[in-house]
Each structure stands twice: as C-alpha cells, then as structure tokens.
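Chain and residue survey
One-letter residues, chain by chain:
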Amino acid sequence: MKKMLYSIFASPDRLLQVMSHSEIQDAIEDGERIVVDADGNTSVNIHCQRVQEDFKRHVDTLKRA
C-alpha cells in the first residue's frame, strides 16, 4: 500500500487507477487504517490495531464527560 501511495504522488494520473478487490484485501491485511475503493468510497479498517486503540480512547473520553 505504501508503494501505491508513493506512486500516486509521483504520478497524479495513477490516482485514477482502480484498486482490485485483492489489493483492497491486501491493504486490510497489511493493517492500513483507511482503504479507498475504485469509486472513491473510504472505509476504516476495523481490524487495524491502531484504529481499535483510537476508538477505545474516544470511548473512554466520552465516558469521562
């Protein structure tokens, strides 16, 4: 996924490249926090440890309020 991001910034026309389902699945397995599909829809990877930690921190903050 990092390679893809570098290539996007190196060549803006690559931004229009469609991510296949397997590339999206690879990004999720690699622990990427956010995945953007071919239609430009974004998804949060709930399996990412950092996302889970962020969510827990936000919930804990709301509990104290």
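Calculation rules
- Residues numbered from 1 in each chain as written.
- Predicted model: local features only at pLDDT ≥ 70, side-chain atom pairs only at ≥ 80, totals over all residues.
- Heavy atoms only, no water.
- Helix = DSSP H or I, 4+ residues; strand = E, 2+ residues; numbered from the N terminus.
- Buried < 20%, exposed > 50% of the residue type's maximum accessible area, 1.4 Å probe, protein only.
- Contact = heavy atoms within 4.5 Å.
- pLDDT = per-residue confidence, 0-100.
- Salt bridge = Lys/Arg side-chain N within 4 Å of Asp/Glu carboxyl O.

It is worth spelling out the overall build of the protein chain at this point. When its secondary structure is counted, the protein chain shows three helices and two strands. Moving toward the C terminus, one meets the helices and strands of the protein chain in the order α-α-β-β-α. Sorting the 65 residues of the protein chain into buried and exposed places 17% on the buried side. Counting contacts in the protein chain only where the partners sit at least 6 residues apart, residues at least 24 apart contribute 10% of the total.

This next bit is on the confidence of the model for the protein chain. Per-residue confidence for the protein chain gives a mean pLDDT of 79, with 72% of residues at or over 70. The lowest-confidence element of the protein chain is helix H1 (residues 2–10), averaging 57 in pLDDT; the highest-confidence one is helix H3 (residues 49–64), averaging 95. Across residues 12–16 the pLDDT falls below 50, and counting only partners more than four positions away or on other chains, this stretch makes two contacts in the model.

What follows covers the pattern of salt bridges. Within this structure, the stated rule accounts for three salt bridges. Here Asp 54 and Arg 33 are joined by a salt bridge, their closest N and O atoms 1.8 Å apart. Taken as a pair, Asp 54 in helix H3 and Arg 33 in the loop between helix H2 (21–29) and strand S1 (34–36) lie far apart in primary sequence, 21 residues in all. Using a relative accessible area of 30% as the deciding quantity, one classes Arg 33 as partly exposed. The shortest N-O distance in the salt bridge between Asp 60 and Lys 56 comes to 2.9 Å. In this pair, Asp 60 and Lys 56 both sit in helix H3, four residues apart, roughly one turn of the helix. Taking relative accessible area as the criterion, Asp 60 reaches 27% and is therefore assigned partly exposed. Assessed through its relative accessible area of 51%, Lys 56 is described here as exposed. Via salt bridges that share partners, Arg 33, Asp 54 and Arg 57 belong to a single interconnected network.

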